[in-house]
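# Summary of the model geometry
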There are 2 protein chains.
Amino acid sequence: MRLLDQTLAAIRPLDPAAVAQAAERQRRLTKPPGSLGPLEDLGARLAGLAGTCPPPLPEPAAVAVFAGDHGVHAQGVTPWPQEVTTQMVQNFLAGGAVVNAFAAQVGASVVVVDVGVAATLDEAPGLLPRKVRAGTRDMTAGPALTRDEAVAAVEVGIEVAASLTDSGARALLTGDMGIANTTASAALIAAFTGADAAVVTGRGAGVDDATLRHKVSVVDRALARHAPEPSDPIGVLAAFGGLEHAALAGFVFAAAAARVPVILDGVIAGAAALAAKALAPDCLAACVAGHRSAEPGHAVALRTLRLEPLVDLGLRLGEGSGALLALPLVQSAARVLRDVATFDAAGVSEKSP
Amino acid sequence: MRLLDQTLAAIRPLDPAAVAQAAERQRRLTKPPGSLGPLEDLGARLAGLAGTCPPPLPEPAAVAVFAGDHGVHAQGVTPWPQEVTTQMVQNFLAGGAVVNAFAAQVGASVVVVDVGVAATLDEAPGLLPRKVRAGTRDMTAGPALTRDEAVAAVEVGIEVAASLTDSGARALLTGDMGIANTTASAALIAAFTGADAAVVTGRGAGVDDATLRHKVSVVDRALARHAPEPSDPIGVLAAFGGLEHAALAGFVFAAAAARVPVILDGVIAGAAALAAKALAPDCLAACVAGHRSAEPGHAVALRTLRLEPLVDLGLRLGEGSGALLALPLVQSAARVLRDVATFDAAGVSEKSP
């Protein structure tokens, strides 16, 4: 059985007993009931994922930055040259990017995965060479990937997540790098949600009005060409790419199979999670929306995924930056169930009925 | 010259040169310009506060939980017994509360300040005995505090903050505990913003509809009795209390005077910051809104303060919990300016014009 099928077969929903135990415990802790809002639900979900209450602390944490290039870059959807993907990978490896700064602040490790960078990268510490192909094909001219390539990229994500959890990671965070990958994200989100290209296509790393209009038309053309069928998520991933999206879907699958929470970053992760959900809805049990980005398609994706973001500051950087900012909130939600005393144990009076 | 006047005299606005230097540096760092949204502005403010770019990392961090009781509790504004203030102080000191769990997660220290708990507290490690009086008087029957008591409580806050920064703290976080203190907060916010009691009074730790209506009427009565004059902030603090609000205003003053950022927690800190702003507008240069709570008066206070919260999850716990969740975001905003490489240094191409 191939790795993807094995992994999907291992994915289970939350353990309802642990969820209920956590919800009941929340009511007995020394705080007004419900006063931690969505962090109480999150704590219960973490318990349900681990199958035990209190849940383990989601640490150590690791962010995997999946890097890939996009054939659709040739359509002029962004003012950034394609080589910036490679240059930013080098920047990640040198520790000079925002993802490195945020990871250092919250105590997460960073690995960079070349799942499809156009250029050939030299070996380097921290770089996992897992290139499936040197960038996708142009989605407006044909499928971005073959089905086999899409599955291979999904399996890269599975393998990376499994190796991180095998090494002890108890929180996984999604990261991504790929010039033009908000274009692929928009196409994926439109395909899986049925939303119009104009609604889900945004300015990405910063395009002007004319380029935005052109970018919408490029997404529209790709959608018209492929007539994607959401019930065939591998087919949708193959149609539009990117390799990092496919890998991120696999990353989510492996996290869910290992019952380790995976904190999703922005629109690229949101698009990948829609693909993952289409293939294995129960994988969402492991998913936490780290933040909501400024990219309009991300809000559409989160609504469809029914995930409420923890941080909502209109960031639009990617790399895993939004997921890293959310990590302490996720850890704090778990810690409440572990560390906070009950009314009984602390001798604190409850409110009068 | 009394401590309050000395402290106010030391407060200065942001250093415009350091702010400009940070803004210029943000544009050269390896990320799309503006992609970190409000965290870029925050980084620039931290630079302006420190008077240098990059700013120092805001760590180590310390949260001070100011505890006090409220005479207005006698009016039946909450179903929680007054002794819960004391019981929760004991819980903080034993490490069993949410503030302890969150502080442990983000690496902050916790001190508890008895600025006005009704009961007599035994000495304990981590407890600063600074009782100005054993709870405020009932604001519906007369002034909650004398002017001298209000100033004394402000000076407690100054002294606590100064002692924390003298000990090396480079980020201060506000915390509070006091059954009925959302009632005092509502009165303060109404007094300083002119908003109606019905708009700024909320359910606090959880009151039913009937108690909420009663709570609004209590705040209305107090406002009618005192006819507060926002240009006399000490008079307003004396009219309504609480001792923890006055202390928090002093805490903000001393942070601003020491040019150390102070992360505000919820509605109690918001009400205190309005008083602080009325006395020394430049103290807001040091203030970061950690979160926006579910309490309606908090949103009103933040709008008047022109502070955008970092976390917005509808929490309603207090204790400093929301400020602690925001701490890693504040630290990350500073770290970007310190650690992230420039386009030039990293050899990353910028977008085409």
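Every chain's residues receive numbers from 1 upward, in the order its sequence appears when written. Working convention: letters from A go to chains and numbers from 1 go to ligands, in the order in which they are written. With pLDDT at 70 or above as the cut-off, local features in this predicted model cover only qualifying residues; side-chain atom pairs require 80 or more to be listed or tallied, and sums for whole chains, interfaces and linings still use all residues. Only hydrogens and water are set aside when side-chain values are computed; all heavy atoms of the structure are taken into account.

## Let's talk about the overall build of chain A
For chain A, the helix and strand inventory stands at 15 helices and six strands. The size measure is the radius of gyration over C-alpha atoms, and the globule rule it meets is 2.2 Å times the number of residues to the 0.38 power. Relative to the 2.2 N^0.38 estimate, which gives 20 Å for 353 residues, the radius of gyration of chain A is 20 Å and therefore close to what a compact globule would have. Along the three orthogonal principal directions, the C-alpha set of chain A runs to about 70 × 40 × 40 Å. Here chain A holds 353 residues, and the buried ones make up 63% of them. Counted over contacts in chain A with a minimum sequence separation of 6, partners at least 24 positions apart contribute 77%. Distance from the positive charge centre (27 side chains) to the negative charge centre (34 side chains) of chain A: 5 Å. Each helix is a run of H or I in the DSSP string that is no shorter than four residues. Each strand is a run of E no shorter than two, and both are numbered from the N terminus. Exposure is judged per residue with a 1.4 Å probe applied to protein chains only, and the accessible area is read against the type maximum: over 50% gives exposed, under 20% gives buried, and values in between give partly exposed. Contacts are assigned to residue pairs that have any heavy atoms within 4.5 Å of one another. Note on charges: Lys and Arg go in the positive column, Asp and Glu in the negative column, and His and the chain ends are not counted at all. To locate a charge, the coordinates of NZ of Lys, CZ of Arg, CG of Asp or CD of Glu are taken.

## Comments concerning the interface of chain B and chain A
Accessible area lost on assembly of the parts is the figure often given for the size of an interface. On the chain A side, the residues contacting the 57 residues of chain B number 57 residues. Accessible area, probed at 1.4 Å, shrinks when two parts are joined; the buried area is that loss added up over both. Counting each side, the surface lost to burial between chain B and chain A is near 4600 Å², with a carbon and sulfur contribution of 65%. Here, a salt bridge means any side-chain nitrogen of Lys or Arg that lies within 4 Å of a carboxyl oxygen of Asp or Glu. Inspection of the chain B/chain A interface yields zero salt bridges. Within 3.5 Å is the distance limit for a polar contact, defined as a pair of N or O atoms, with the added protein rule that one can donate a hydrogen and the other accept it, and that residues adjacent in sequence qualify only through two side-chain atoms. Counting across the interface, chain B meets chain A through 18 residue pairs in polar contact (both at pLDDT 80 or more).

## Considering the sheet that holds strand β4 (residues 171-177) of chain A
Residue and element names in this part refer to chain A. Here a strand pair is declared whenever DSSP counts at least two bridges between the two strands. Read across the open sheet, the six strands follow the order β3-β2-β1-β4-β5-β6; overall the sheet is parallel. Single-partner strands in this sheet number two, and they are β3 (127-129) and β6 (287-289). Each adjacent strand pair in this sheet contributes to an overall mean axis angle of 30 degrees, direction not counted. With three bridges connecting them, strand β2 (residues 108-116) and β3 associate as parallel partners. Angles here are taken between N-to-C directions and fall from 0 to 180 degrees, while the axes themselves are lines fitted to C-alpha atoms, restricted in helices to the stretch in contact.

## Quick look at the environment of A:Ala334
Residues and elements named next belong to chain A. Of note, Ala 334 is situated in helix α14 (residues 321-339). C-alpha separation for the pair Ala 334 and Thr 78, spaced 256 residues apart in sequence, amounts to 40 Å. Leave out the neighbours within four places in its chain, and Ala 334 touches Leu 46, Pro 55, Pro 56, Leu 57 and Pro 58.

## What to know about the pattern of salt bridges
Where charged atoms of side chains with opposite charge meet at close range, the side chains can pair. Using the criterion set out here, one finds 24 salt bridges over all chains in the structure. For A:Glu24, the salt bridge goes to A:Arg28, with nearest N and O atoms at 3.0 Å. Highlighted residues: A:Glu24 and A:Arg28, both in helix α2 (residues 16-28), separated by four residues, approximately one helical turn. A salt bridge links B:Arg133 to B:Glu149; the shortest N-O distance between them is 3.5 Å. Taken together, the residues span a long stretch of sequence, with B:Arg133 in the loop between β3 (127-129) and α6 (147-166) and B:Glu149 in helix α6 at a distance of 16 residues. Relative accessible area serves as the criterion here: at 24%, B:Arg133 is assigned to the partly exposed category. Judged by relative accessible area, B:Glu149 falls into the buried class, the value being 15%. One network of salt bridges, with partners in common, ties together A:Arg133, A:Arg137 and A:Glu149.

## Section: the nonpolar core
Where a protein is soluble and globular, its nonpolar side chains tend to be buried together. Among buried residues, the Ala, Val, Leu, Ile, Met, Phe, Trp, Tyr and Cys ones that are joined through side-chain atoms within 4.5 Å form a nonpolar core. Judged by nonpolar contacts, the single largest core of 114 residues is most densely connected at A:Leu39 and B:Leu39. Excluding anything up to four places from it in sequence, B:Leu39 contacts A:Phe102, A:Leu313, A:Leu315, A:Leu325, B:Gln26, B:Leu310, B:Leu329 and B:Ala333. Counting 84 residues, the second largest nonpolar core, distinct from the first, contains A:Ile189, A:Leu248, A:Ala269 and A:Ala275.

## Section: the side chain of A:Ser35
Mapped onto the secondary structure, A:Ser35 falls in the loop between α2 and α3 (38-50). Here the side chain of A:Ser35 touches A:Pro32 through a polar contact of 2.7 Å, landing on its backbone oxygen. In contact with A:Ser35, not counting residues within four places along its chain, are A:Glu40, B:Leu315, B:Arg316 and B:Leu317.

## Re the relation of the copies chain B and chain A
Note on the copies: chain B fits chain A at an RMSD of 0.0 Å, the axial shift is 0.0 Å, and the rotation between them is 180 degrees. In short, the pair behaves as if placed about a two-fold rotation axis. Closest approach to the rotation axis among the C-alpha atoms of chain B is made by B:Val311, whose C-alpha sits 3.1 Å away. When the interface residues of chain B are mapped onto chain A, 100% of them again fall at the interface, so both copies present the same face. What sets the superposition is a least-squares fit of C-alpha atoms, and only residues with pLDDT of at least 70 in both copies go into it.

## Observations regarding the state of the cysteines
Criterion for a disulfide: a pair of cysteine sulfur atoms within 2.5 Å. Under the criterion given, the structure shown has zero disulfides over all chains. Note on B:Cys283: no disulfide assigned, nearest cysteine sulfur contributed by B:Cys287 at a separation of 5.1 Å.

## A look at the domain arrangement of chain A
Residues and elements named next belong to chain A. Where each domain begins and ends follows an automated or database-derived domain assignment. What the domain assignment lists for chain A is domain 1 (3-56 + 336-346) and domain 2 (61-330). For domain 1 versus domain 2, the distance between C-alpha centres works out to 28 Å. On the domain 2 side, the residues contacting the 16 residues of domain 1 number 26 residues. When domain 1 packs against domain 2, the two sides together hide about 1700 Å² of surface, and 71% of this comes from carbon and sulfur.

## Structural notes on the packing of aromatic side chains
Residue and element names in this part refer to chain B. Only centres within 6.5 Å qualify two rings of Phe, Tyr or Trp (six-membered ring in Trp) as a pair; their planes then separate them into stacked at under 30 degrees, edge-to-face at over 60, and tilted for everything else. If you walk through the whole model with that rule in mind, you get four aromatic pairs over all chains. The interplanar angle of 75 degrees and the centroid separation of 5.4 Å between the aromatic rings of Phe 66 and Phe 251 together place this pair among those described as edge-to-face. Linking Phe 66 in strand β1 (residues 61-68) with Phe 251 in helix α11 (residues 243-258), this pair joins segments that are 185 residues apart in sequence. This pair shows no difference in class: Phe 66 is buried, exactly as Phe 251 is.

## Focus: the environment of B:Gly37
Residue placement: B:Gly37 occurs in the loop between α2 (16-28) and α3 (38-50). For the pair B:Gly37 and B:Thr140, spaced 103 residues apart in sequence, the C-alpha separation works out to 44 Å.

## Quick notes on the side chain of B:His298
Turning to its location among the elements, B:His298 is positioned in helix α13 (residues 296-305). Ignoring sequence-local partners within four residues, the contact set of B:His298 consists of B:Ile189, B:Asp265, B:Gly266, B:Val267, B:Gly270, B:His291, B:Arg292 and B:Ser293.

## Here we look at helix α4 (residues 84-94) of chain A
Burial analysis of α4(A) places eight of its 11 residues in the buried class, which makes it a mostly covered element. Looking only at α4(A), the buried set comprises A:Val84, A:Thr85, A:Thr86, A:Gln87, A:Met88, A:Val89, A:Asn91 and A:Phe92. Against β1 (61-68), α5 (98-106), β2, β3 and β4 of chain A together with α15 (343-346) of chain B lie the buried residues of α4(A). One or two residues past the end of α4(A) sits A:Gly95, with phi positive at roughly 80 degrees.

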